[in-house]
Amino acid sequence: MRVLFAALCLLLSSAVACAAENQSAKTAGSGFYFDTYVTFTLYGADADLISDLHQLCAHYESLLSKTQVDSDVYRLNHAGGKPVTVDPETYALLQRAKEISELTDHAFSVSIAPLSELWNFKTHTIPGDAQRIAALALVDDERIVLGQEHTVSLAPGMQIDLGGIAKGYIADQAAALTRNRCTGAILNLGGNVYCTGSKPDGSAFKVGVENPLCPDPVTPAVISITDGTVVTSGTYERYFEENGIRYHHILDPQTGSPAQTDLVSATIVSTCSMDADAFATACIVLGSERSLELLTQLRLDAILITTEGDILLTPGFKTRVDYQPAS
Ligand code: ADP
Ligand code: MG
């Protein structure tokens, strides 16, 4: 009897040890989607989660990519003004993009594509004035018409580019997939980081905000996250310099050129990565003053870094976000 009890105890303790080990077992994956290096770090994940995350990214790339033939975006951009039936998710994403465009005074405009096509930050292409002005006439999110039964129409010549919002949307979907299927996840989609759950010891994940002005990895804030997203847009991610001018990839829909801005980066902390992505992009166009006003009004929590090196926090960031300032 005593032997049986001892054996049972041993069995139980190894089962408990095994469960604890499973909870902390780390798995990782990486891939290249939406022109971005993507990484997944998971704790205590089920066996299929990594491959399901890859599948999810590939699925959304096939819907939202500008370059993949047959994606919803590609079909829309090549429809010559005719209505196109899109996936309900693409439709909902465009609906939110249009709302954000309105909220940001059109600083955020997914109809930026005719302009983003002209600028090439890899080959350092600066479009001529005439080309730029002709493309500007096609940029207007109000002319993206959302019709019945998930049909979308663009005026002839108009095109859309979801580069400023899609990664956020996909991060939200990927985060949803990880809940209940692991004990903790860090999903890094370029400038969009989403964490769910916690570290194996139960503590929150820590996400450092980059300071692009400091060559060393000096971070102005380390943010603790258990379920939420930290999204950064900046003028230092994709750019080239010519004649002392920095040409970066966030365009001002009013001028058709890289936004002349007093911000080098905008970081938003939220539970909605899609919104955070779009608003962070808009902040770069809006500049510090208008951004602070808008973010405060919308109760979005953000940390902005100016070209002068000033670090600006929204009121909500100071009160709602669990962070440690740089020492
Ligand atoms: P990244 O995708 O590099 O992390 P952002 O989220 O700030 O950075 O998005 C920048 C991308 O969004 C550009 O590469 C372009 O595709 C698109 N874009 C550029 N300017 C705008 C704008 N004013 N509104 C909406 N999208 C934009
Ligand atoms: Mg963005």
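Everything below is about the structure shown above.
Residues numbered from 1 in each chain as written. Chains lettered and ligands numbered in written order. Predicted model: local features only at pLDDT ≥ 70, side-chain atom pairs only at ≥ 80, totals over all residues. Heavy atoms only, no water.

Student: A description of the site of ligand 1 should follow, citing residues and the corresponding values.
Tutor: Surrounding ligand 1, one finds 17 residues, the nearest of these being Asp161, Ser233, His249, Leu251 and Thr281. Here an oxygen atom of ligand 1 sits 2.6 Å away from a polar atom, N or O, in the side chain of Ser233. Considered on its own, ligand 1 offers 570 Å² of accessible surface; in the complex 92% of this is hidden by protein. Of the pockets mapped on this structure, ligand 1 occupies the largest pocket. (Near = heavy atom within 4 Å. Polar contact = N/O pair within 3.5 Å; in protein donor to acceptor, adjacent residues only side chain to side chain. Areas by Shrake-Rupley, 256 points an atom, 1.4 Å probe, with all protein chains shown as cover. 1 Å grid on protein atoms, 1.4 Å probe; cavity = no way out; pocket = protein on both sides within 12 Å on 5 of 7 lines; lining within 4 Å. Sits in = over half its atoms within 2 Å of the grid points.)

Student: How would you sum up the layout of surface pockets? Please name residues and give values.
Tutor: Volume-wise, the largest pocket comes out at about 1300 Å³. Lining the largest pocket we find 43 residues, and of these Asp35, Asp161, Gly163, Arg238 and His249 sit closest to its centre. Elements with a contribution of two residues or more to the lining of the largest pocket: strand E2 (36-43), helix H2 (49-64), helix H5 (113-118), helix H7 (166-178), strand E10 (228-234) and helix H8 (273-297). Class assignment of the residues belonging to the lining of the largest pocket gives a composition of 17 nonpolar, 16 polar and 10 charged. Taken as a whole, the second largest pocket spans an internal volume of roughly 370 Å³. Within the residue set of the lining of the second largest pocket, elements represented by two or more residues are helix H6 (129-136), strand E12 (245-248) and strand E13 (263-270). It is E12 that provides the largest number of residues to the lining of the second largest pocket, a total of 4 residues. Looking at the lining of the second largest pocket residue by residue, the classes come out as 10 nonpolar, 6 polar and 4 charged. (Points joined across faces, edges and corners; volume = space filled by probe spheres on them. Helix = DSSP H or I, 4+ residues; strand = E, 2+ residues; numbered from the N terminus. Nonpolar A, V, L, I, M, F, W, Y, C, P; charged D, E, K, R; others polar.)

Student: Quick one: what's the story with the packing of aromatic side chains, residue by residue and with numbers?
Tutor: The tally for this structure, following the rule as stated, stands at 8 aromatic pairs. Both rings, one in Trp119 and one in Tyr247, keep their centres 5.7 Å apart while their planes meet at 35 degrees; by these two values the pair is tilted. Of the two residues, Trp119 sits in the loop between H5 and H6 while Tyr247 sits in strand E12, which places them 128 residues apart along the sequence. A residue is classified by how much of its surface remains accessible, and Tyr247, at 15% relative accessible area, is buried. With 5.2 Å between their ring centres and 25 degrees between their planes, Phe240 and Tyr247 make a pair best called stacked. Tyr247 carries the same exposure label as Phe240, and that label is buried. Lying over the aromatic face of Tyr239, Arg246 brings its terminal NZ or CZ to 4.1 Å of the ring centre. (Phe/Tyr/Trp six-rings, centres within 6.5 Å; stacked < 30°, edge-to-face > 60°. Buried < 20%, exposed > 50% of the residue type's maximum accessible area, 1.4 Å probe, protein only. Lys NZ or Arg CZ within 6 Å of the ring centre and 35° of its normal.)

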